[in-house]
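# Fold and contact review
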Amino acid sequence: PEHKNHSVTLFHTSSSTTQDLPRISLSVRTKMQLSGIALVLLIGGCNTATAFIETNSTSEFDSFEYVDPELKQVSDWDITERPSINSISGEGGDKGASIYYVDGRSGRPTVVHPYEESILPGNGLGNRLLWTVGTSHDEGHGPITDHRILSEAAVEGCKQWITDHQDGLGVNVEELFAPGMVRTSTHADGDIQLSLKRTFQGIEVVGSRVAVTIVAGNIVTVAVEQWGDIAMDFDVTPTITAEDALNVLSTHTGHALMAGEETCDSEVQILTLANDDTPMESSTSLRGTNFEPLEVIHGYKHKLTWRVCPKFDRQGDAQSFEGYVDARNKKIFEFKNTIDLFEAEGGVFPLSNDGKAGGVEQAEWPMSYLWVGSADADVGGNFDVTGTASLRGKHVNLVDRCGDASLSSSADGINWGTSGGTDCAIGRVNGQQVGGRGNTHASRTTYYHTTHIADIASKHLPNEVWLKRQLRANVNINDNCNAFWNGNSINFYTSGGGCANLGEISGVVAHEWGHGMDANGVAGGISKPSGEGIADLYAALYDGTSCIGRGGLSNICNLKGDRCKFSLGCDGVRDIDYMNHNSERPHAMSWARSNCDDSVHCKGHVYSEAVWSLYKRELPAIGYDDLTALELTTYLLYKAADNVEFWYTENGIAPNGGCGGLSGYKAFLVADDNDGNVNNGTPHMTAIYNAFLKQEIACN
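Residues numbered from 1 in each chain as written. Predicted model: local features only at pLDDT ≥ 70, side-chain atom pairs only at ≥ 80, totals over all residues. Heavy atoms only, no water.

## Regarding the state of the cysteines
- The tally for this structure, following the rule as stated, stands at 6 disulfides.
- Disulfide pairing is shown between Cys-481 and Cys-499; the S-S distance is 2.0 Å. Looking down the S-S bond of the Cys-481 and Cys-499 bridge, the torsion is 100°, so its handedness is right-handed. Of this pair, Cys-481 sits in the loop between β28 (471-480) and β29 (483-485) while Cys-499 is found in the loop between β30 (489-494) and α5 (506-519), placing the two residues 18 residues apart along the sequence.
- Judged by its relative accessible area of 26%, Cys-481 is partly exposed.
- Given a relative accessible area of 11%, Cys-499 falls into the buried group.
- Here Cys-547 is linked by a disulfide to Cys-570, with a sulfur-sulfur distance of 2.1 Å. Classification of the bridge connecting Cys-547 and Cys-570 rests on its S-S torsion, roughly 80°, and on that basis the disulfide is right-handed. (Disulfide = S-S within 2.5 Å. Helix = DSSP H or I, 4+ residues; strand = E, 2+ residues; numbered from the N terminus. Buried < 20%, exposed > 50% of the residue type's maximum accessible area, 1.4 Å probe, protein only.)

## Points about the packing of α5 against helix α6 (residues 532-543)
- Interhelical geometry of α5 versus α6 gives an angle of 130° and a closest axis separation of 7 Å. What the angle tells us is that α5 and α6 run oblique. Classified by chirality, the crossing of α6 by α5 is right-handed. Residue-level contacts link Ser-506, Gly-507, Ala-510, His-511, Trp-513, Gly-514, His-515, Met-517 and Asp-518 of α5 to Glu-532, Ile-534, Ala-535, Asp-536, Tyr-538, Ala-539, Tyr-542 and Asp-543 of α6. (Axes fitted to C-alpha atoms, helices over the stretch in contact; angles between N-to-C directions. Parallel < 35°, antiparallel > 145°, perpendicular 65-115°, else oblique. Left-handed = near helix turned anticlockwise from the far one by under 90°. Contact = heavy atoms within 4.5 Å.)

## Here we look at the pairing of β28
- Relative to β28, strand β23 (residues 396-400) runs parallel, the two sharing 5 bridges. If you follow Val-399 over to β28, its bridge partner there is Asn-474.
- Sheet topology places β28 next to β30; 5 bridges connect them, and they run parallel. In the sheet register, Asn-474 faces β30, and the bridge partner there is Asn-491. (Pairing = 2+ DSSP bridges.)

In short, shape yes, function no, at least from these values alone.
So this is what it looks like as C-alpha cells:
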C-alpha cells in the first residue's frame, strides 16, 4: 500500500541514564508519529555487582538472605498457545493471523508473533517501507547504519504499534516509554532488541515489561511479562523513609550500618508478586483499553517498596547486598548478596589423555552446574552455599564404577584436584587424596565435557525436552576398547587391550552424548542411514578437530583402505576431513554404496564430511574466518539435525542424493533461511550446496 511521506524530527529527552543523542531529520514512508524518548543504548556494560577476583569464604550474613514466597512464585505461570484475536491480527484481514501465547496468571498474551508487520524499512516479507535521511524528498534506499538513529526509529515504531494494539495485548501504552525505561540493542545484522520497562505514576514496576524483537524491519516477537492490573487508587506515597528501610535490614542482620556507604541509590519501586489468594475475573484498571482476560486467573498483586543497598560493619569485600522493604509496613520481601562466593573445580583432560597438546590434565577447570547442598553452581562453577557435592548436576548424573565421589565445600570452595595414572586413580589436592574412590580422571572429564556440550546444545535448542533432563554417565566400566549409548545413558570402559580409558577423551564423550541428542530430537530415533555421522559431527565441532577420539585407539584410523595421514596427528578412530586421508577425495554417496557394505560408521562419513567441508572450506571460501565459520556451522547443525530422519538417500542418483524428504541438505537450507521462504535462496546456500554436492547428497 502507498503511504504518505511524512517528514519528522527525532529528538532526545535527557535523562541520567543515557547520553544526549544528536538531533536528526528522518523521513519514513509509514504512518508513525514520533515523539521524544529517552533511550538506554546497550553499547556498554551494565552497572551490576561483580567480583573481579573470586573470594572463596563463608559469611555470617549468609543465614539472613531471604526471598518472600510470593516473590518466588511470581514466574510460576502456565503458557498456552492461542489462535489470533482481531486486535493483534493484520489490518483489514488481508494478512496472516498472529500466533500468540497466554500468560496463565494474567490471561494476557505473553508472546505474540505478528505476521508481516513492518515498522521499519527492511527486507522482511511484505515489508514495503522506505526511508530517507536528510530531507523528505531524498529517496535513498540504502539502510541506516547509525545504530542510534536506528534505535530511536525502532522505539518510535514500536510505540505506534503497541498503541494500535494495546487492547489486544492488554497493556497500557501510557505505562511504557518513560524516560530511562527504554533499553535497545542493535545487532550487527540489523536485528533490534528492545526492553520497555513498565512504570505506574512514574514509578518502576519491577518485573513487568514489554520486550520486542525486530528482524529485517518487521516486528517478529512481542513479549509481555508479568503484566497484572494495578488499581487506579494504588497509593504510590511511602509512609516510611529510605533510612527506615535500611534500619529494618540492619535489625534483620544484627549488624550496624556504615552510613553513607550504600552501594545504590535508594529508590521507591512497585514490586510484582504472585496473587494466589483470590481469583480475578476481569481487568479493572487498564486505562483507555478494552482488554478482558481470556479465563479466570489469580493474576498478580503489587506492593510499594523501597529498594535499598546497605553496607554493614564487618561486611566482606565479596558482598554487595540488596533489599526490598515494604514502604508502608516494613515487611522484608527480599534480602540477598548479589555476588557469588564459591567455585567448584577439578582436573580435566581438554581433548585426550595422550600427553600431547590438549592431552595433559588441566587443574581447576570449572565443574559447571554442580549440585552443592541445596544449590546449583553456575556455568562458571560458582555457588553461594556451603554443602556436600558429588559429581552430579543439572545435565549429568555421573556414576563411577571405581566407587562413590563426595566432597564438602571449604573456605577454598570445592576442588576435586588432579591425579596421575588412569582408571581408578583418585584426585589429589596438595598431595592428599580427596573426594573418594569415584573422583577419577574419567569421572571429572566426563562430567565436564557432557555438561558443556549439553549447555551449548541448550543455547541452540532451549526448548528441547531431553536437554532439560539429567543424563546418566557410567565410567570406568570393567572392560576395554569401547563406549556406547544404550538409549538411556552413556557408558565408557577402562583402559586395556591397547586402548585408553575412553571416558578420559573429550571426543568419545561428546560422540556418545551425540547419539542421545540424535535419538531424542524432533524426528525421534537414531537418524538414517547412519547415526554415526551426526554423533561424529557433534564431537568434531565441540572439540574443533576432525579427528574423532584422539588417542583412544591408536593407529586404527582406516576408512575401508583409505588410511588417515598419521603424520597429521590423528591417531583416533576416524577423521571426517577427507583431505586428511591418503586419497584426499570425498567419500561420497556412490563411493559409500560400493565400499561401506553395512558399516554405519562408514556411511556416516558421507554427510559428516559434507558438514566439515562447510566449516573448513566452503565458508572460508566466501570470507569467513575460522572461528566465525565454526560458530555458524555449529548453529546450523543444531537447528538442522533436530528434525532429520534420513540424511541422504542411499540409492539416490548422484549428485542429487539429498532430494528425498527433509534430507540433511534441505534441513541445512531451512536452518539458514532468514525470510521464511527457501525458494528465494538462503544467506549461505552456495556454500551449503557446494559442501553437500561434493558428497553427492545435494539437490538441484
